[in-house]
Amino acid sequence: MLDLSLAGFPCECGQTGSTQSQIYLPVSLRAETPTSSIGTPAWNVSIVVSFVRFICPKRARLISLPLALVVAVSAAAQSVQTVYVSPEGNDLNSGSATSPKQTPFGALGAARSIRSASPGTQVILQFQPGTYYMTSSLQLVGSDSGTSGAPLIFRGTSKDVFFDGSRPVSGWQKVSGSDYNRLSPGARDNVFVAPLTQMFGTGNFAVSTPIETGVMSRRGFQYTTVDAWSTLIFNGKAMNLARYPNTGWMTVPSYHDGSASSIEVTDPTPYGWQNNGDIWAHGYYAWDWADSYEHVTNFDPSTGKMNFEQPSKYGISANHRFVIVNALEAVDAPGEFYVDRSRGLVFFFPPMLGATDAQKIDSLNAGTSLTTTGTALVDLLNVSDVTFENITFQGGRDSAADVRYAARVSFNGCTFRNFGQDALRIYGGTDHSVISSDFYDLDEGGILLYGGDRTGLAPSGHLIDNCYFHNYSRVVGAFRPAVDIWGVGNTVKNCRIEDAPQSAIVLHGNNNLIEYNDIQRVCLETNDSGAIYVGRNPTFQGNQVINNKFTDINSSLSGNYSNFTVGVYVDDMANGMTIAMNVFKNVQVAVVIGGGRDNTIDNNYFFDCPVSVHFDARGKSWMSGFLTAWNVSGMLAEVPYQGSVWANAYPNFPKYLNDDPASPKRDTLTHSVCVGNTNWLLLLDGLKTSSNLKTNPPIYADYNSVTLTDPGFTDMANEDYTFNKRSSLRRLKIKTIYTDNVGLYTDGYRYTLP
């Protein structure tokens, strides 16, 4: 990134750019000769930057401009050497363009040899299109580090470079015999079976299989996944673990006996199924925001009672929901699979209705794989200045990469798909970035992001920018968000996040920034959940949610399940949140402040939201014992909340325990635009608002516009929220929100938008 004066460059609004703006190069600086290879030094090079983005001072928005800028890179003592890699290569080769290495492991070994012989040399590992199977972690350590101006680069020459933790499955045939008879009549002629012994060799398969395919294990809310089970991949897409019913849920009956370790199954369909000891139930057994997988030990068809190996975490309540998974008999819909670990077989109902059996078998042998690698494909420990460009990470039971205690590790233009756990895990360090990358078909979350020092409120500098998250949290539904933030000073911006059972972003910490994101159709399978969620710790403060767009945040649950899905959920006494300049469209409850204080809600637009803003005083009502029950004193002891750093950042917080902590205080609600809302402001537990700050109201509310129709926007239907001549919003000091800078943008890694 370069700084350049852009004074005089106009926005379409007529304003000119600020004097210092940022230019984003579409690719990394490639300081190499046209025939760069092993041993070739770098020389002068010019780089053309095809676009520029700057801040318009009037509209507070990013502007993209075409720009032909030639950047001269002067000759330097540092040399650049490229190691070429191809699936058709050999790790005994030199690594030149005509004699490439074959694997990432061989390429890294070559980089180490180069750096050992010439410590100042930058190394670029250039991967030709193809699949690079990874049976174990590629481990980088401190000595593999680049420098801030010359990182070690793993570069894909196209989007078809795959670092793959799965293994191909072959030998498919039609199911037959007793297995055929166990299937439902409609599935019997559509299910195929393949042996897993072909992938892993011969021997005592019962012992070796769990190591490679994982084991069915307890997973869910507040459970750490230790060993994720394998997922079947067909033509690059993750298939579904067999479940019954295929859609919707079974319901715990009203006459449930109160047990936390058994459920009465009223649907007789599973009564005759064979239990080989590996049937599981997946459910939201007591709360619609907490799911888990529980091992079924036995099933009594005479009573319909299904017993669990361990009690469910929150017990089991009548009228709550569950499904049965991982049974051969449940393979009855296109896209479902089942792994019989005791026999070393995988069963699959391919989504190929209309194809002949021979066509299906050919497609299965060519296009199926099973996620197997049980560690992160890449493990970076104590490294700095490492960049991955245009790499597709896929097919592991664990994650794509673990970045631990490192600095300036970047993933640019990468794809993360088909992983059993969070696709990318960043533990601490500083200034990591994930730019213009895609995350989808993930069994759990997208990015687990730790960074920053809460003691001194030192920011991490981590940045997630221009990334697309969708179809994540497909196995574990609760609290496996697209981005799970822990710490201080992390930024998520210009991302598009959609189609998930629960949250888009969960915050744990301080001073994190969420801006310019396009969030839609999340919280689809849960209730009492937020697209952006923070809560249950009063020390989590200073977080900002600014200039985002929330659309269609409504749970798909119906019947017994209420709909309390939230755009921004400041839950259970969380404090000091800023929610400003956001647009909420068709969100069940746009903003919830659950008992906290010092929260600012300013200049947001609410369209067709049944409830725009909800305030309550739960600390004075049903949560009155939270100080003791949650060990709030222990939370406070984890940070120096009465020290100078925290006092300067959060002036009201040092006196928290002596300032009636159960009561909301100093919350503000100003400059809102609410159109077509059923109940724009919901106040519970006796709360009231006031426009008179002198009375020290718990909620100061003023300058808000509530209408049933257009309040005077230029083109509300097409999101042009500038004010027309008849608009009444100017006198309320309401600012225009611009949405054309929200969400994904094109750059040198993302050429088109999805």
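One numbering rule holds for all chains: residues counted from 1, following each sequence as written. Two thresholds apply to this predicted model, a pLDDT of at least 70 for residue-level local features and 80 or more for giving and counting side-chain atom pairs, whereas whole-chain, interface and lining totals are computed over all residues. The side-chain quantities take in all heavy atoms of the structure and omit both hydrogens and water.

How do you make sense of the pattern of salt bridges when you look at a structure like this?
Between side chains of opposite charge, pairing is possible as soon as their charged atoms come close. Each salt bridge in this description consists of a side-chain nitrogen of Lys or Arg and a carboxyl oxygen of Asp or Glu lying within 4 Å of one another. Counted by the stated rule, this structure contains 35 salt bridges. Note that Asp 402 and Arg 425 form a salt bridge whose closest N and O atoms lie 2.7 Å from each other. Remark: Arg 425 occurs in strand 33 (residues 424-427) and Asp 402 occurs in strand 30 (residues 401-404); sequence separation between them is 23 residues. When a residue's accessible area, from a 1.4 Å probe over protein chains only, is under 20% of the maximum for its type it is buried; when over 50% it is exposed; and in between it is partly exposed. Looking at Arg 425, the relative accessible area reads 8%, which means it is buried. Put simply, Arg 536, Asp 571, Asp 572, Asp 616 and Arg 618 are held in one network by salt bridges that share partners. Counting from the N terminus, the helices are the DSSP runs of H or I reaching at least four residues and the strands are the DSSP runs of E reaching at least two.

Would you take a moment to explain the packing of aromatic side chains for this structure?
What describes a pair of aromatic rings is the distance from one ring centre to the other and the angle between the planes of the rings. When two rings of Phe, Tyr or Trp (its six-membered ring) have centres within 6.5 Å they constitute a pair, described as stacked for plane angles under 30 degrees, edge-to-face for angles over 60, and tilted for the intermediate range. Evaluated as defined, the whole model comprises 45 aromatic pairs. Taking 6.3 Å as the distance between ring centres and 10° as the angle between the ring planes, the aromatic pair formed by Phe 127 and Phe 154 counts as stacked. Of the two residues, Phe 127 sits in strand 6 (residues 122-127) while Phe 154 sits in strand 9 (residues 152-156), which places them 27 residues apart along the sequence. Each member of the pair Phe 127 and Phe 154 is classed as buried. Ring centres 5.8 Å apart and planes at 25° place the aromatic pair Tyr 427 and Tyr 450 in the stacked group.

Hey, could you run me through the pairing of strand 23 (residues 321-325) in this one?
A regular strand places its side chains so that they alternate between the two faces of the sheet. Most of strand 23 sits out of view: five of its five residues are buried. Of the two faces of strand 23, the one carrying Arg 321, Val 323 and Val 325 and the one carrying Phe 322 and Ile 324 are both buried. The pairing of strand 17 (residues 243-244) with strand 23 spans two bridges and is classified as antiparallel. What sits directly across from Arg 243, in strand 23, is Val 325. In short, DSSP must find at least two bridges between two strands for them to pair. Pairing analysis gives two bridges linking strand 18 (residues 250-251) to strand 23, with the strands arranged antiparallel. When the bridges of strand 23 are listed, Met 250 appears paired with Phe 322. Pairing geometry for strand 20 (residues 280-284) and strand 23, over five bridges, is antiparallel. Looking at the pairing, His 282 lines up with Val 323 of strand 23.

Looking at this structure, how should I read unusual backbone geometry?
When glycine is set aside, most residues are seen to have a negative phi, and most peptide bonds are trans. Here the amide bond leading from Tyr 244 into Pro 245 is cis, since omega sits at -5°, within 30 degrees of zero. Tracing the chain through its elements places Pro 245 in the loop between strand 17 and strand 18. The phi angle at Met 581 is positive, at roughly 60°, despite the residue not being glycine. Along the chain, Met 581 turns up in the loop between strand 49 (578-580) and strand 50 (583-587).

Explanation requested: the confidence of the model for the chain in the structure shown.
In regions of low pLDDT, the predicted coordinates are not meant to be interpreted in detail. Residue-level confidence of the predictor is what pLDDT reports, using numbers from 0 through 100. Here the chain shows a mean pLDDT of 88. Residues at 70 or above account for 87%. Between residues 57-77, whose pLDDT stays under 50, and residues either more than four places distant or in other chains, the model counts 66 contacts. Every residue pair with non-hydrogen atoms within 4.5 Å of one another is taken to be in contact.

I'm lost on the side chain of Thr 103 in this one. Help?
Here Thr 103 lies in the loop between strand 5 (80-85) and helix 1 (104-117). Apart from residues lying up to four places away in sequence, Thr 103 is in contact with Val 85, Asp 91 and Tyr 132.

Which parts of the structure should I look at to understand helix 5 (residues 357-367)?
At 3.6 residues per turn, the α-helix brings residues three or four places apart onto the same side. Looking at helix 5, one finds that the buried residues are Lys 360, Leu 364 and Gly 367. Buried residues of helix 5, viewed axially, fall in a sector of 90°; they line one side. The exposed set on the far side of helix 5, more than 90 degrees from its buried face, consists of Ala 358, Asp 362 and Ala 366. The directions from the helix axis to the C-beta atoms are what the arc is built from.

Looking at this structure, how should I read the nonpolar core?
What tends to happen in soluble globular proteins is that the nonpolar side chains get buried as a cluster. Throughout this description, the term nonpolar core refers to a set of buried Ala, Val, Leu, Ile, Met, Phe, Trp, Tyr and Cys residues connected via side-chain atoms within 4.5 Å. One finds Phe 393, Phe 411 and Phe 469 to be the most contacted residues of the largest nonpolar core, which totals 91 residues. Ranked by residue count, the leading element in this core is helix 1, at five residues. Setting aside anything within four residues of it in sequence, one finds Phe 393 in contact with Phe 163, Val 378, Phe 388, Ala 400, Phe 411, Cys 414, Thr 415, Phe 416, Arg 417 and Phe 419. Within the second largest apolar cluster, 29 residues are counted, among which are Val 175, Val 191, Ile 263 and Tyr 338.

What is the right way to read the sheet that holds strand 36 (residues 447-451) from this model?
Strand pairing in a sheet is mediated by backbone hydrogen bonds. Such pairs are either parallel or antiparallel. Read from one edge to the other, the open sheet built from 12 strands follows the order 8-27-30-33-36-39-42-45-48-51-54-57, with strand pairing classed as parallel. The open sheet terminates on both sides in strands that have one partner only, identified here as strand 8 (138-140) and strand 57 (679-683). In this sheet, neighbouring strand axes are inclined to one another by 10° on average, regardless of whether the strands run parallel or antiparallel. With axes taken as lines fitted to C-alpha atoms, and helix axes fitted only over the stretch in contact, angles between N-to-C directions fall between 0 and 180 degrees.

I tried to follow the pairing of strand 21 (residues 292-300) on my own but got confused; where do I start?
In this sheet, strand 21 lies alongside strand 20 in antiparallel orientation, the contact comprising four bridges. Note that in strand 21 the partner of Gly 283 across the bridge is Ser 292. In this sheet, strand 22 (residues 305-308) lies alongside strand 21 in antiparallel orientation, the contact comprising four bridges. Considered in strand 22, the bridge of Asn 298 is made with Asn 307. The hairpin turn running from strand 21 into strand 22, its antiparallel successor, is four residues long, and Gly 304 in that turn takes a positive phi close to 75°.

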